[in-house]
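Residue-level structural notes
In case you want the letters, here they are:
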Amino acid sequence: MPDTQATSSPSIDAMQDVFARQKAAFEHERHRSLSERKADLEKIEKLVKERGDEFADAIDADFGRRSKSETALAELGFTIATAKHSRQHLPKWMSSKRVSVPMTLAPGNAYVRREPKGVVGIVSPWNYSMQLAFAPLVAALAAGCRVMIKPSEFTPRTSALIKSTLAELFSEDHVAVIEGGPEEASAFTALPFDHLFYTGSTQVGRIVAKAAAENLTPVTLELGGKSPAVIAPDFDPAEAAKTLAWGKFLNAGQTCVAPDYALVPRGAEKPFVDAMMAETAQMWPDVATNEDYTAIISERHHARLSAMVEEVREAGAEVHQLAFDKAKAGNTRIFPPTVVVDPPLDSKLMREEIFGPVLPVLSHDGLEDAARFINERDRPLALYIWSKSKQTARTFLSKTISGGAAVNLPLLHLSVEDLPFGGVGASGYGAYHGEAGFLTFTHERGVFEAPVWHPSRLVRPPYGKVFEFFKKLQSG
Ligand code: NAD
């Protein structure tokens, strides 16, 4: 039985038992065939197509209000697309890759076998509680692994539904869901998985990386950070606001790749802020009651956002907030779209990932200045630039570093299945989506096949003429 650092409890004992059973099952049946894996992915597609409404209701209840359209787009549609894409590309991804054999080692065959890593763990957060559990699950199933998932305790209804629906489709020694809070999460990440896939905050990511290191478990860290949105001097700031407002306030800003702050050309602040507020008012005319404006996940998260805005208001920053009638919102934790001009850089708003519907607007004196500002900070998960010129945008990308990037649009790079999605530096390491996800859960095993009699057996002591010939051949 694996050691865990956490105190043992019935739920932790049960988790360890599931792990041991998955390990045993993997030893018994290491290689799931192409057709078995395709069938696994079809089950996921079918589940989401047939029971998507139940998931949308559970997520809505967990948030207090979650736009059903945004759930359809970012959770259900995304999961179906990723499962379908993986199923279609699986034959190519699974096939062995031949590599050439150096002349000195001929004759022989060399190839890479793509094998499942084994039993893998997935820890997922609350903000896209279904997508962020299911998308890595799809990648792990495509790779032929056995999977344990620890979804977020902040979305208990969704987590329970993930558990019950997956239990109907997969045996527990194939796919298992472990519910619970930090205690269970910490025991979970102490299990000696063959791969651990964590999505969540940078702070907890550090703890997870340490736990994984104890077992030499390879780990993927999908973390967060402050993703900048830069408007180049050649781009109309009001035009940029149209797409930026959608990307920022989708899911009320509770999106890992949401633009965290905007860097706009000095002098363009007013037209940009005016356009942001106008766009927002047009998309959500009454945020108190609008079913398409999502609530904040908890009282604690809501209070944190309020405190962040109050801090900069007291420091004299200009705060624009969409008017809303609190009484009409009732108990729903609505935080209205908010734009803050020039907050102090040492404020919490500019030190921490905001993860809510508040957009700080800072000025830049050209793209060199914007790049310097970004490079002085932690590496972001995403970077956005709006420019009319492809060349300008590409030059800007070459002067900065981020996990991913998009030009003239926020967020949507993550929906391009074949783009690896992941962070860099403080926003994490490793990647998934498409083949990158398949490879995350795959062990690439290098194999050299020699014939029964191979000339290399002549290269042996006492070294003589054959050795001299081989040496010449090797050094060209
Ligand atoms: P979180 O780190 O609080 O929780 C995420 C998961 O970690 C939960 O399942 C939780 O139970 C577990 N956890 C909590 N304490 C733990 C511990 N000590 N050891 C192991 N696991 C533990 O994150 P959150 O608040 O749920 O999510 C928000 C953060 O996630 C933001 O920073 C956001 O940017 C990031 N995020 C990143 C991505 C991405 O794809 N890179 C996607 C969504 C969210």
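About the criteria used
- Residues numbered from 1 in each chain as written.
- Predicted model: local features only at pLDDT ≥ 70, side-chain atom pairs only at ≥ 80, totals over all residues.
- Heavy atoms only, no water.
- Salt bridge = Lys/Arg side-chain N within 4 Å of Asp/Glu carboxyl O.
- Near = heavy atom within 4 Å.
- Polar contact = N/O pair within 3.5 Å; in protein donor to acceptor, adjacent residues only side chain to side chain.
- Areas by Shrake-Rupley, 256 points an atom, 1.4 Å probe, with all protein chains shown as cover.
- Helix = DSSP H or I, 4+ residues; strand = E, 2+ residues; numbered from the N terminus.
- Nonpolar A, V, L, I, M, F, W, Y, C, P; charged D, E, K, R; others polar.
- Domains from an automatic or database assignment.
- Patch = residues over 30% accessible without salt bridge, like charges linked within 9 Å, V, L, I, M, F, W, Y side chains within 5 Å.
- Phe/Tyr/Trp six-rings, centres within 6.5 Å; stacked < 30°, edge-to-face > 60°.
- Buried < 20%, exposed > 50% of the residue type's maximum accessible area, 1.4 Å probe, protein only.
- Lys NZ or Arg CZ within 6 Å of the ring centre and 35° of its normal.
- Core = buried A, V, L, I, M, F, W, Y, C linked by side-chain atoms within 4.5 Å.
- Pairing = 2+ DSSP bridges.
- Axes fitted to C-alpha atoms, helices over the stretch in contact; angles between N-to-C directions.
- Contact = heavy atoms within 4.5 Å.
- Buried area = accessible area lost by both parts, 1.4 Å probe.

With that settled, the discussion passes to the pattern of salt bridges. Where side chains of opposite charge bring their charged atoms close, a pairing between them can arise. Within the structure shown, the criterion is met by 35 salt bridges. The partner of arginine 30 in a salt bridge is glutamate 27, with the nearest N and O atoms 2.3 Å apart.

Among the 27 residues in the neighbourhood of the ligand, the closest are listed as Lys150, Glu153, Tyr198, Leu223 and Glu353. Serine 124 is positioned with one of its backbone polar atoms (N or O) 2.8 Å from an oxygen atom of the ligand. Contacts to the ligand include tryptophan 126, whose side-chain N or O atom sits 2.9 Å from an oxygen atom. Here the ligand has 850 Å² of accessible area as a free molecule, and 91% of this is covered by the chains. Of all the secondary structure elements, the ones that give two or more residues to the shell around the ligand are α6 (182-189), β6 (195-199) and α7 (202-214). Per element, the largest residue contribution to the shell around the ligand is three residues, and it comes from α6. When the residues that make up the shell around the ligand are grouped by side-chain class, the tally is 14 nonpolar, nine polar and four charged. Shared between two domains, the shell around the ligand holds at least three residues of each, these being domain 1 (10-223 + 429-444) and domain 2 (228-418).

Taken together, Met103, Phe469 and Leu473 make up a surface patch of nonpolar side chains, about 340 Å² in accessible area. As for its placement among the helices and strands, leucine 473 is situated in helix α16 (residues 465-474).

A separate point is the packing of aromatic side chains. Two aromatic rings, taken as a pair, are described by how far apart their centres are and by the angle between their planes. The final tally for this structure, using the stated rule, is 14 aromatic pairs. Relative to phenylalanine 438, the ring of tryptophan 93 has its centre 5.7 Å away and its plane inclined at 40°; by these criteria the two rings are tilted. With tryptophan 93 in helix α3 (residues 68-94) and phenylalanine 438 in helix α15 (residues 434-440), the pair connects residues that are 345 residues apart, well separated along the chain. Like tryptophan 93, the residue phenylalanine 438 is buried in the burial classification. Ring geometry for phenylalanine 197 versus tyrosine 432: centroids 4.7 Å apart, planes at 70°, classification edge-to-face. Of the two residues, phenylalanine 197 sits in strand β6 while tyrosine 432 sits in the loop between β15 (428-429) and α15, which places them 235 residues apart along the sequence. Neither residue differs from the other here; phenylalanine 197 and tyrosine 432 are each classed as buried. Put simply, the rings of Phe197, Phe421, Tyr432 and Phe441 touch in pairs and so form one group of aromatic residues. Directly above the ring of phenylalanine 170 sits lysine 43, whose terminal nitrogen or CZ lies 4.7 Å from the centroid. The positively charged end of arginine 66 is found above the aromatic ring belonging to phenylalanine 63, 4.8 Å away from the centroid.

Attention now moves to the nonpolar core. Ranked by size, the top nonpolar core spans 97 residues in total, and within it Ile44, Phe134, Leu137, Leu166, Val257, Phe272 and Met276 carry the most contacts. When residues of this core are assigned to their parent elements, the largest contribution, ten residues, is made by helix α4 (residues 131-142). The two domains that each donate at least three residues to this core are domain 1 (10-223 + 429-444) and domain 2 (228-418).

Attention shifts here to the sheet that holds strand β1 (residues 97-99). As summarised here, the arrangement of the three strands in space is β1-β2-β16, forming an open sheet in which the pairing is antiparallel. Pairing within the sheet leaves two strands with one partner each, and these edge strands are β1 and β16 (442-449). Along the sheet, successive strands turn relative to each other by an average axial angle of 25°, direction set aside. When β1 meets strand β2 (residues 109-116), the two strands line up antiparallel, connected through three bridges. Bridging across to β2, arginine 98 finds its partner in tyrosine 111.

Following the sequence through the fold, lysine 399 ends up in the loop between α14 (390-398) and β14 (404-407). Through-space distance from the C-alpha of lysine 399 to that of asparagine 375 is 8.6 Å; in sequence the pair is 24 residues apart. Residue contacts for lysine 399: discarding those within four places in its chain leaves Glu368, Ala371 and Asn375.

What follows concerns the domain arrangement of the protein. When its domains are assigned, the protein resolves into domain 1 (10-223 + 429-444) and domain 2 (228-418). Summed over both partners, the interface of domain 1 with domain 2 buries about 2100 Å², with 50% contributed by carbon and sulfur atoms. It is Arg65, Glu70 and Trp126 that lose the most area in domain 1 upon contact with domain 2, and together they represent 33% of the buried surface on that side. Linking domain 1 with domain 2 are zero salt bridges, by the criterion used here. Put simply, domain 1 and domain 2 have 17 residue pairs in polar contact (both at pLDDT 80 or more) between them. Broken down by secondary-structure element, the contributors of at least two residues to the side of domain 1 that touches domain 2 are α2 (34-63) and α3. Of all the elements, α3 adds the most residues to the side of domain 1 that touches domain 2, at eight residues.

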